[in-house]
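Chains, contacts and geometry: an overview
For reference, the chains in residue letters:
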Amino acid sequence: MDHFEYRDGVLHAEDVALSAIAERFGTPCYVYSAATIRRHYRVFDEALAGIDHDICYAVKANGNLGVLGLLADLGSGFDIVSVGELERVITAGGDPARVVFSGVGKRVDEIERALEVGIACFNVESEAELERIDAVAQRMGVRAPISLRVNPDVDAQTHPYIATGLKENKFGVDITRAETLYARAAGMEGLAIRGVDCHIGSQLTQLAPFRDAVERVLALIDRLADQGIAIQHLDVGGGLGIRYRDEQPPSPAAYAENIRDLVAGRDLKLVFEPGRVLVGNAGVLLTRVEVLKPGAEDADKHFAIVDAAMNDLLRPALYDGWHAIVPVAEASDTVSRTWEIVGPICETGDFLGHDRDLALQTGDLLAVRTAGAYGFAMASSYNARPRPAEVMVDGDAVHEVRARETVADLMRGEQRLPFA
Ligand SMILES: Cc1ncc(COP(=O)(O)O)c(C=O)c1O
Ligand SMILES: N[C@@H](CCCC[NH3+])C(=O)O
């Protein structure tokens, strides 16, 4: 459920026509719906009613200050993977004490800053990192709260680039080594053991892998208890999938019911790190058709070159990700063709969608749907293309939550070599 719908033939974000946004802010432009984000957060939170839980939104999905501020106001915590994300959370008004810090390569300065602001927990991904955090914390005279990210070796049944819970992935520590590492951590002066963490992948559409992972981690928690190591929270990561095309992802309610019986009666808080499920359907990428390049009548390919490209939305190029592409003004009687929707970048992989049946004319506006997660967040300025504007609609109000980058922004900090 989202708040993008046609009214009088024009696609709206809540009460605002996307054509009006294109007029005012130009294209390409990301448009988010505040009501959709609020709704998704509440549905997720309510699904977990009765389970002691904390929601730590995965900032990497969409780190815009407007998005983070909205989630902070709803009471969300945050899952971060860099000091840059930490500063974003703080700037947006998030509470550092509700932050968990994931990631396989945390630098010393990042650990220092996280300790300085007092985050809730480090999700530690290797033995070397345990030692590093211990050393930094001891030097600062504090104890760092930690969980070990364990790798439960379950198949998340998702795209291989975004599956993270298999033995061969770079993430976390092998669950069979976890007890030894917890015993080591328990002896380190700079550490305070708080939890166990796992995250098995992203865009999961099956429930079984989540349940398998939780079962394996709960068994570990029991073995740790036998060793006298008490665990206060289980961080189950993020990963709940959404519908891009015809996927049938479980609802947040089904996701919660899938594990409710496993944790019932335990004195254990569950931490969730949802990203995509909160913001994915809350965003579209608005783009305009620049050039139509139809082939001969019998040609296989007809190209529609739009002003958004792989630098703005990388998911099609990187994962062959499928996004619905719809006209902003509902089509009338213009002849329809099957189009390749491509950007102007000099890469054959620069496409937003293959084989789309659309009635197109030069200058038409299109909306690339389900672009709120891993959209702007993965944008680059390849081909010296300034990154797009980001706009948040809230009812009939329109907020420019990020101004379009300029070419001058792109050259900031650069210089020619001095003349001899
Ligand atoms: C550690 C961690 N937590 C949370 C997430 C958020 O995942 P998703 O957007 O699939 O919910 C990710 C990304 O997959 C992640 O790597
Ligand atoms: N960027 C990915 C998800 C990666 C999840 C990060 N752990 C996507 O667009 O689907």
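Residues numbered from 1 in each chain as written. Chains lettered and ligands numbered in written order. Predicted model: local features only at pLDDT ≥ 70, side-chain atom pairs only at ≥ 80, totals over all residues. Heavy atoms only, no water.

Topic: the environment of Val326
Where we set the bar: Here a strand is any run of E in DSSP of at least two residues, a helix any run of H or I of at least four, and the numbering for each starts at the N terminus. Burial classification: accessible surface area is computed with a 1.4 Å probe over protein chains only, and a residue below 20% of its type maximum counts as buried, one above 50% as exposed, and the rest as partly exposed.
The residue Val326 is located in strand β16 (residues 325-327) in this model. Since its relative accessible area comes to 19%, Val326 is described here as buried. Residues Val326 and Arg356, spaced 30 residues apart in sequence, show a C-alpha to C-alpha distance of 9.3 Å.

Some remarks on the site of ligand 1
Test applied: When at least one non-hydrogen atom of a residue lies within 4 Å of a molecule or strand, that residue is treated as near it. N or O atoms within 3.5 Å of each other form a polar contact, as long as, within protein, one can give a hydrogen and the other can take it, and as long as residues adjacent in sequence are counted only when both atoms are side-chain atoms. Every accessible area reported is derived by Shrake-Rupley at a probe size of 1.4 Å, with residue values counting cover from the shown protein chains alone. A pocket here means an open set of points on a 1 Å grid, computed over the protein atoms alone, that has protein on both sides within 12 Å along at least five of seven lines. A cavity is instead a set of points where a 1.4 Å probe fits but cannot get out; residues with an atom within 4 Å of a point line either one. Cavity and pocket membership follows a simple rule, namely that a molecule belongs there if more than half of its atoms are within 2 Å of the grid points. As a working rule, the residues Ala, Val, Leu, Ile, Met, Phe, Trp, Tyr, Cys and Pro are called nonpolar, Asp, Glu, Lys and Arg charged, and the rest polar, with Gly in that last group.
Residues in close proximity to ligand 1 total 15 residues, the closest being Ser202, Gly239, Glu273, Arg276 and Tyr374. The separation between an oxygen atom of ligand 1 and a polar side-chain atom of His199 is 2.9 Å. Within the contact set of ligand 1, a nitrogen atom lies 2.6 Å away from a side-chain nitrogen or oxygen of Glu273. For ligand 1, the protein covers 92% of the area, taking 390 Å² as the surface of the free molecule. A molecule is said to occupy a pocket when more than half its atoms come within 2 Å of that pocket's grid points, and by this definition ligand 1 occupies the largest pocket. When grouped by side-chain class, the residues that make up the shell around ligand 1 number three nonpolar, seven polar and five charged.

A short note on the confidence of the model for the chain
Quick note on the threshold: A residue's pLDDT is the predictor's confidence in that residue, given on a scale from 0 to 100.
Mean pLDDT for the chain: 95, with 97% of residues reaching 70 or above. Within the chain, no element has a lower average pLDDT than strand β10 (residues 173-174), which sits at 94, and none a higher one than strand β4 (residues 29-33), at 99. Taken over the whole predicted complex, pTM reads 0.96, whereas the ipTM for its chain interfaces reads 0.98.

Quick word on the layout of surface pockets
What counts here: Grid points are joined across faces, edges and corners, and a volume is the space filled by probe spheres set on the points. Boundary definitions for the domains trace back to an automatic or database domain assignment.
Of the volumes computed, that of the largest pocket is approximately 860 Å³. For the lining of the largest pocket, the secondary structure elements donating two or more residues are α4 (83-91), α10 (276-279), α11 (315-319) and β21 (397-402). Looking at the lining of the largest pocket residue by residue, the classes come out as 18 nonpolar, 13 polar and 14 charged. Both of domain 1 (4-31 + 280-411) and domain 2 (103-272) provide at least three residues apiece to the lining of the largest pocket. Taken as a whole, the second largest pocket spans an internal volume of roughly 310 Å³. Residue lining of the second largest pocket: 13 residues in total, with Met1, His40, Pro252, Val277 and Asn281 positioned closest to the centre. The biggest single contributor to the lining of the second largest pocket is helix α2 (residues 34-47), with three residues. Each residue belonging to the lining of the second largest pocket can be placed in one class, and the counts come to seven nonpolar, four polar and two charged.

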